[in-house]
Amino acid sequence: MADMIGGKYTVRGQGRPGRLGTWHVLSTEDGKVRGGVRLEERALADHATAQRVGEVVQAVAALRLPGLLNVTEQLVDGRYTWLITSASPSPTLAQVIASGVPVPPEVPLLIATDTAQTLLKLHEAGRAHGDLRPETIVLSGAGAALLAETGYTHALAGTTAGPGHDTAGWAKLLNYLASGNTDPAVAQLLRQAAQQAEATGGSAGLTSALPVLTSGGAKVAGFGDRGAVKALAANATAAAAGPVPVSAPPVALPPVSPGSEATVKLVGGSQSAPVPPRQAPAGVPPQAAPVPPQQPAPPVAAPAVAPDGATRLGNRAAEEQRRAASGPPAAPQSAQPDVNLRFGQGVPPAPPAWQLAAAANARPPRKRSASRRIIGFLSALMLVALLVAVGYKGWQWWQSRNPVAVTAIDVKLAKPITDQCDVKVDLVGTIRTDGGAGKVTYEWVRMDGQSSGALEQTFRSGQTSAEVHLYWDFKGEGTKEASATLRVLGPPTVEGSTAFTYHCKR
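All of these numbers come straight from a predicted model, not from anything done at the bench. (Residues numbered from 1 in each chain as written. Predicted model: local features only at pLDDT ≥ 70, side-chain atom pairs only at ≥ 80, totals over all residues. Heavy atoms only, no water.)

Where strand β11 (residues 438-446) lies against strand β14 (residues 478-488), five bridges are found, and the strand directions are antiparallel. Among the inter-strand pairings, arginine 446 is bridged to a residue of β14, identified as alanine 484. Direction of pairing for β14 relative to strand β15 (residues 494-504): antiparallel, over a ladder of eleven bridges. Bridge pairing in β15 links arginine 487 to glutamate 495. (Pairing = 2+ DSSP bridges. Helix = DSSP H or I, 4+ residues; strand = E, 2+ residues; numbered from the N terminus.)

In structure tokens form, the structure reads like this:
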């Protein structure tokens, strides 16, 4: 039987191991693809570890960076806790390579530029990934490379990730992609970018390496083609799972043993008291909490009776309300602590008895006069209008910063030039996009080396093209072969050019 998560997500496909638990592909009732990681108790070894992980998950989710596999929701379903993501967590780059599907030689260039851009945005926000490798890079259905599990590894280990970790991991990734690339020129370009990043180090290493990729990638056919990444992700998924009909039934989650899953209490305004870490058995020396292994424990059959509340990490809000009506709670049967990931809005506890009594004895509120009701209505109406205005401005602000992908560039003369002297040539460049909203930075470069410098063109949502102009004055007698290039300053870099002849004979 299929598993439903929170009554609104259905499990699709088999899971894969992660740092905090097992990742699964989920779908909503209307067919939208989502991801979810089912947390495992061994990943949250003690109270301090759970706090660190919760803080990292909350802080990274608040950034809402487009290059991350963003956590959008936390659900407690029975005794399981799930972190829900905005996109599918599969396939990872590691799964793509393991599937044996051929990787087009230009695709690693796009993966490299995507991941570098996202890492730089993380660094600007004061964060770092800390564990960049093929297992933490997801190829999305939109053709982008997304970073998953940002900061998880260092939060589990109690260390702090920094830009140096990311640059070293990125350089190692590029060398790995170069080793399996079938195009010697692309492989050499990847190695050059990795060498540049390692030589400089930190965020500056990524910044200095990106131009190496973009300038060299502009000469590679297909560089920046999101369609190639989409096809690669789809083919890798099909190769791993085999052909799946549209009407294929959802997948049931495997059973788990007691204590292997974590039901994490959502904490809102109230703070729970710190819980001491678990004590090691007698005769066993204490050890530091290790980073959880990459492979999850093999599933075993679920017990006939659900494990006692003291043997799992619990969300006890509803149970505590029932116990409040019947008397004080019974003493726990073991010393295993509850773990709280402190993010998200939790279930409020039952109110104290004195509050219930005060509410019962309180006098009913007096009826407001007609004038007060009218004033209240007008105030509410003004508040709604203010909220709508603020929401619209916020939507416009988001649109102006939502990434827009350039798909092609065309350059041509506005009108042919005849054999005449002292003319102003009008060059028209057409920038074509995928219809996203945002700003595109571009420059005009003439054959004589003159550049317009960085310019910006704003695109509205749904706008797929825009024209930009370069005016070039020619004076004097003679014949001159001329050309100009319109270049979008990516990454990835996309450019187009045209050539023409100026001829003047007096």
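Moving on to the sheet that holds strand β10 (residues 423-433). Pairing in this open sheet of three strands is antiparallel, and the strands run β9-β10-β13 from one edge to the other. The sheet is open, and its two edges are formed by β9 (406-413) and β13 (465-474), each paired on a single side. Geometrically, the sheet is characterised by an average inter-axis angle of 20 degrees between neighbouring strands, direction not taken into account. In this sheet, β13 lies alongside β10 in antiparallel orientation, the contact comprising ten bridges. Along β13, the bridge assignment pairs leucine 427 with leucine 470. (Axes fitted to C-alpha atoms, helices over the stretch in contact; angles between N-to-C directions.)

To continue, consider the packing of helix α3 (residues 107-124) against helix α7 (residues 202-217). The contact between α3 and α7 brings their axes to 10 Å, and the two run at 150 degrees. By the criterion of interaxial angle, the relationship of α3 to α7 is roughly antiparallel. Helix-helix and strand crossings are classified by hand; for α3 and α7 the assignment is left-handed. Taking contact as the criterion, the partners of Leu109, Ala112, Thr113, Ala116, Gln117, Leu119, Leu120 and His123 in α3 are, on α7, Ser203, Leu206, Thr207, Leu210, Leu213 and Gly217. When the residues that make up the contact of α3 with α7 are grouped by side-chain class, the tally is eight nonpolar, six polar and no charged. (Parallel < 35°, antiparallel > 145°, perpendicular 65-115°, else oblique. Left-handed = near helix turned anticlockwise from the far one by under 90°. Contact = heavy atoms within 4.5 Å. Nonpolar A, V, L, I, M, F, W, Y, C, P; charged D, E, K, R; others polar.)

Burial analysis of β10 places eight of its eleven residues in the buried class, which makes it a mostly covered element. When β9 meets β10, the two strands line up antiparallel, connected through seven bridges. Along β10, the bridge assignment pairs isoleucine 409 with isoleucine 431. (Buried < 20%, exposed > 50% of the residue type's maximum accessible area, 1.4 Å probe, protein only.)

The next thing to look at is the pattern of salt bridges. Summed over the entire model, instances satisfying the criterion amount to eleven salt bridges. Residue glutamate 73 is joined to lysine 8 by a salt bridge in which the shortest nitrogen-to-oxygen separation is 2.8 Å. With a gap of 65 residues between them, glutamate 73 in strand β5 (residues 71-77) and lysine 8 in the loop between β1 (4-5) and β2 (9-17) connect regions that are remote in the sequence. Arginine 133 is the partner of aspartate 131 in a salt bridge, and the nearest nitrogen-oxygen pair spans 2.9 Å. Each member of the pair aspartate 131 and arginine 133 is classed as buried. The network of salt bridges with common partners includes Arg19, Asp131, Arg133 and Glu135. (Salt bridge = Lys/Arg side-chain N within 4 Å of Asp/Glu carboxyl O.)

Moving on: the nonpolar core. Counting 65 residues, the largest nonpolar core has Trp170, Leu190 and Leu213 as the members making the most contacts within it. Of all the elements, α3 adds the most residues to this core, at nine residues. Apart from the residues lying within four places of it in its own chain, the contact partners of tryptophan 170 are Ala112, Thr115, Ala116, Leu119, Leu132, Ala193, Ala197, Leu206, Ala209 and Leu213. (Core = buried A, V, L, I, M, F, W, Y, C linked by side-chain atoms within 4.5 Å.)

In space, the four strands of this open sheet follow the order β12-β11-β14-β15, with antiparallel pairing throughout. If you trace the sheet from one side to the other, it starts and ends with β12 (455-459) and β15, each paired once. Ignoring strand direction, the axes of neighbouring strands in this sheet form an average angle of 25 degrees.

A few words on helix α1 (residues 47-63). Because an α-helix packs 3.6 residues into every turn, residues spaced three or four apart end up facing the same way. Helix length check: α1, at 17 residues, gives a terminal C-alpha distance of 25 Å against a target of 24 Å (1.5 Å per residue), a fit within 8%. Regarding α1, the residues found buried are His47, Thr49, Ala50, Val53, Gly54, Val56, Val57, Val60 and Ala61. On its buried face, α1 is in contact with β5, β6 (80-85) and α4 (152-157). A side-chain oxygen of the first residue of α1 lies 3.3 Å from the backbone nitrogen of alanine 48; this N-cap is aspartate 46. A positive backbone phi angle near 50 degrees is found at arginine 64, which sits one or two residues after α1. (Expected span 1.5 Å × (residues − 1). Polar contact = N/O pair within 3.5 Å; in protein donor to acceptor, adjacent residues only side chain to side chain.)

This next bit is on the side chain of histidine 154. Counting through the fold element by element, histidine 154 comes out in helix α4. Residue histidine 154 is classed as buried on the basis of its relative accessible area of 11%. Sequence-distant contacts of histidine 154, defined by excluding residues within four places in its chain, comprise Gly130, Thr159, Thr160, Ala161 and His165.

A few words now on α7. In this model, α7 (16 residues) spans 23 Å end to end at C-alpha, consistent with the 22 Å of a helix rising 1.5 Å per residue. Those residues of α7 not exposed but buried are Gly205, Leu206, Ala209, Leu210, Leu213, Thr214, Gly216 and Gly217. Each element contacted by the buried residues of α7 is listed here: α3, α5 (163-179) and α6 (184-200).

On to a nonpolar patch on the surface. Residues Ile374, Phe377, Leu378 and Leu381 make up a contiguous nonpolar surface patch of roughly 420 Å² in combined accessible area. Mapped onto the elements, leucine 378 comes out in helix α11 (residues 370-401). Overall, the relative accessible area of 45% leaves leucine 378 in the partly exposed class. (Patch = residues over 30% accessible without salt bridge, like charges linked within 9 Å, V, L, I, M, F, W, Y side chains within 5 Å. Areas by Shrake-Rupley, 256 points an atom, 1.4 Å probe, with all protein chains shown as cover.)

What follows concerns the state of the cysteines. Applying the stated rule across the entire model yields one disulfide. Disulfide pairing places cysteine 421 opposite cysteine 504 at an S-S distance of 1.7 Å. Around the S-S axis, the bridge from cysteine 421 to cysteine 504 shows a dihedral of about 90 degrees and counts as right-handed. Separated by 83 residues along the polypeptide, cysteine 421 in the loop between β9 and β10 and cysteine 504 in strand β15 bring together distant segments of the chain. On the basis of relative accessibility, which here comes to 21%, the residue cysteine 421 falls in the partly exposed class. On the basis of relative accessibility, which here comes to 3%, the residue cysteine 504 falls in the buried class. (Disulfide = S-S within 2.5 Å.)

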